[in-house]
Each structure stands twice: as structure tokens, then as C-alpha cells.
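The chain contents come next:
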Amino acid sequence: ATPVWETILDIDALAKAENANWVFKGASCLPPEETRCLVALSNGGKDAVTVREFDTTTKAFVDGGFALPEGKQNYTWLDKDTLLVAREWTPGELTNSGYAYVLKTLKRGQTPDQATEVYRGQKTDVSVSPFVLRDADGKAVAVMARRGVTFFESEIYLIEGAKPVKLDLPLKSSIQGYVDGQMVVLMEQDWPAKGFKTGDLISFDLAKLKAAPDKATAALVMRPTARQSVDSVTTTRNKLVVGLLD
């Protein structure tokens, strides 16, 4: 009834101290503790952001922590000492749409030029972004790259081993989560070869998919009626929770 709010980061105060027009563009926190966060700050509200590691327990930016210079970039935590980052690593290394297409791993303490490339799209793509699928304890169970070939279509690559492997998925589909060993995917177009329809929620046995990506088969989880559509998908430790519009 009487919540006590505590400010852990005052953006206005930070802007004043650093003589910048900082706009908060969100924070990505590392599960399961979620006390280490990548805070995105935009100077003046533009698309390009500066990313800094923040500790919610000390209420301060981490001294010597991760810091990505300003740019249009896609990033995510892999583990507490590793980030997956797509950005303009060298001048001009952007797609024709102006976004990053080279994905690298950046270890704690490394400078950007020491990062290791794990996936490279094409200049004609829209963008490339990293995606980490996690279990209920925050452990990474699969590392992927999403290659946006258009603004509405993308290919998914499994980053494991020496070479990225393209998953056999329609260009219009999206990975929704992981539960009970299953990777759950929403169909956003018909997949006639597999017998699935737009709106279907399907799943793959992740271990089998990783072992033999070209042979893995999907199972139908649920098919909305003609009056329904999947609005949201959430995973708990052992349940799949689907929000439907009817």
C-alpha cells in the first residue's frame, strides 16, 4: 500500500555531470540475478547509442566494465564476462540500410578491435542481431544470429562449432522461448512443406535440432481457430503460457 521508490540511476543528473543530453534507451540485465545491466544512452535521442555496464547493487557504472562506443548496435549478454555485439567495427561496415551486419563476441577487458567474429551477414541485408536462448536458471542453451534479409523476413543461424548453421525455418517466423527441452516458434507465414499454417505455435526438441539441424522435425503445440491469434508467449520453469486474442 505504501511502496518505497528508490532511484538507482538519475539520467538527468548524469546528463548534467557529463554535459550531455542523455536519453535512456533501456537496460538489458543478465539473468538470473539481473544485477549487472547494459544501459543504453542516446545523446539527444538519436538511434545511435552508447552502452555501459551498470551494477544495480552499487547503483553505479562498473569501473572498467563493458563500454560500447556510440553507434547503431545490437547486443546481448552471453555470460557475465562475454557480450555478443553487432556494430560498425570498422568504418563503413554497415548495411545499405545503415545497420550492423558483423557479429562478434567481446570478452571482458578486451578492446573492440580484439573482439572475435562469429557471424557475418551481407551489406544488402537490413541488419544482424544476436539472440541467446536461456533456460529457467538463465543458462544459455543456444546462441543464434538473426539475419534480417528484409524488414519483415529473417534467417536464423545457430552459432555453435566452427561454422554458423542456418536453421530450416520460414523467413517469417519468430523464436518465442525455451521450456522443457523445447524451442518454441511462432509461424508468421504458411509452411506448406511441413504442414503448418500462419499463426501456428510449433516446437523443436532443441538437443535434436542442435545435433542434426537439417533432420529435426517440429511438433504442433497449438493452432488458433479462425477467430484467434497468438498475442504473447511466455515460459516458466515447466509451463508454456500463451496469451490469445479471440
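Above this note sits the structure.
Residues numbered from 1 in each chain as written. Predicted model: local features only at pLDDT ≥ 70, side-chain atom pairs only at ≥ 80, totals over all residues. Heavy atoms only, no water.

Right, let's get into the side chain of serine 129. Within the secondary structure, serine 129 is located in strand 10 (residues 127-134). For serine 129, a relative accessible area of 15% translates into the label buried. For serine 129, the contacting residues outside a window of four places in its chain are Asn74, Met144, Ala145 and Arg146. (Helix = DSSP H or I, 4+ residues; strand = E, 2+ residues; numbered from the N terminus. Buried < 20%, exposed > 50% of the residue type's maximum accessible area, 1.4 Å probe, protein only. Contact = heavy atoms within 4.5 Å.)

Here we take up unusual backbone geometry. Cis peptide bonds are those with omega within 30 degrees of zero, and the linkage from proline 31 to proline 32 qualifies with 0°. One non-glycine residue, glutamate 34, lies in positive phi territory at about 55°. Its location among the elements puts glutamate 34 in the loop between strand 1 (22-29) and strand 2 (36-43). Take glutamate 34: its relative accessible area is 46%, and that puts it in the partly exposed class.

Now for the sheet that holds strand 16 (residues 201-205). Sheet architecture is open: 4 strands sit in the order 14-15-16-17, paired in antiparallel fashion. Every other strand in the sheet has two partners, leaving strand 14 (173-179) and strand 17 (218-222) as the edge strands with one partner each. Each strand of the sheet is rotated relative to its neighbour by a mean of 30°, with strand direction disregarded. In the sheet, strand 14 pairs with strand 15 (residues 182-187) via 6 bridges, with the strands oriented antiparallel. Directly across from valine 179, in strand 15, lies its bridge partner glutamine 182. (Pairing = 2+ DSSP bridges. Axes fitted to C-alpha atoms, helices over the stretch in contact; angles between N-to-C directions.)

Another point: the state of the cysteines. In total, this model carries 1 disulfide according to the counting rule given. Put simply, cysteine 29 and cysteine 37 are joined by a disulfide, and their sulfur atoms are 2.1 Å apart. Of note, the bridge from cysteine 29 to cysteine 37 carries an S-S torsion of about 100° and is right-handed in sense. On the accessibility criterion, cysteine 29 (27% relative accessible area) is partly exposed. Residue cysteine 37 is classed as buried on the basis of its relative accessible area of 4%. (Disulfide = S-S within 2.5 Å.)

Ordered in space as 6-7-8-9, the 4 strands form an open sheet in which the pairing is antiparallel. The open sheet terminates on both sides in strands that have one partner only, identified here as strand 6 (74-79) and strand 9 (116-120). For this sheet, the mean inter-axis angle between neighbouring strands, taken without regard to orientation, is 25°. For strand 7 (residues 82-86) and strand 8 (residues 102-107), the ladder comprises 5 bridges, and the chain directions are antiparallel. In the strand pairing of strand 8, leucine 84 is matched with threonine 105.

Moving on: the pattern of salt bridges. For the structure on display, the rule yields 16 salt bridges. The salt bridge involving lysine 210 is made with glutamate 160; its shortest N-O contact spans 3.3 Å. Note that lysine 210 is positioned in helix 2 (residues 206-211) and glutamate 160 in the loop between strand 12 (154-158) and strand 13 (165-166), a separation of 50 residues in sequence. Owing to a relative accessible area of 26%, lysine 210 belongs among the partly exposed residues under this scheme. (Salt bridge = Lys/Arg side-chain N within 4 Å of Asp/Glu carboxyl O.)

Another point: the pairing of strand 2. One face of the sheet, then the other: side chains in a regular strand alternate in exactly this way. Across the 8 residues of strand 2, 6 count as buried, placing the element largely inside the fold. With 6 bridges connecting them, strand 1 and strand 2 associate as antiparallel partners. When the sheet's bridge partners are listed, serine 28 is paired in strand 2 with leucine 38. The turn joining strand 1 and strand 2, which pair antiparallel and follow one another in sequence, is formed by 6 residues; a positive phi near 55° is taken by glutamate 34. Of the pairings in the sheet, the one linking strand 2 to strand 3 (residues 49-55) comprises 6 bridges and is antiparallel in character.

Interpretation note: all reported values are geometric properties and have no functional meaning in isolation.
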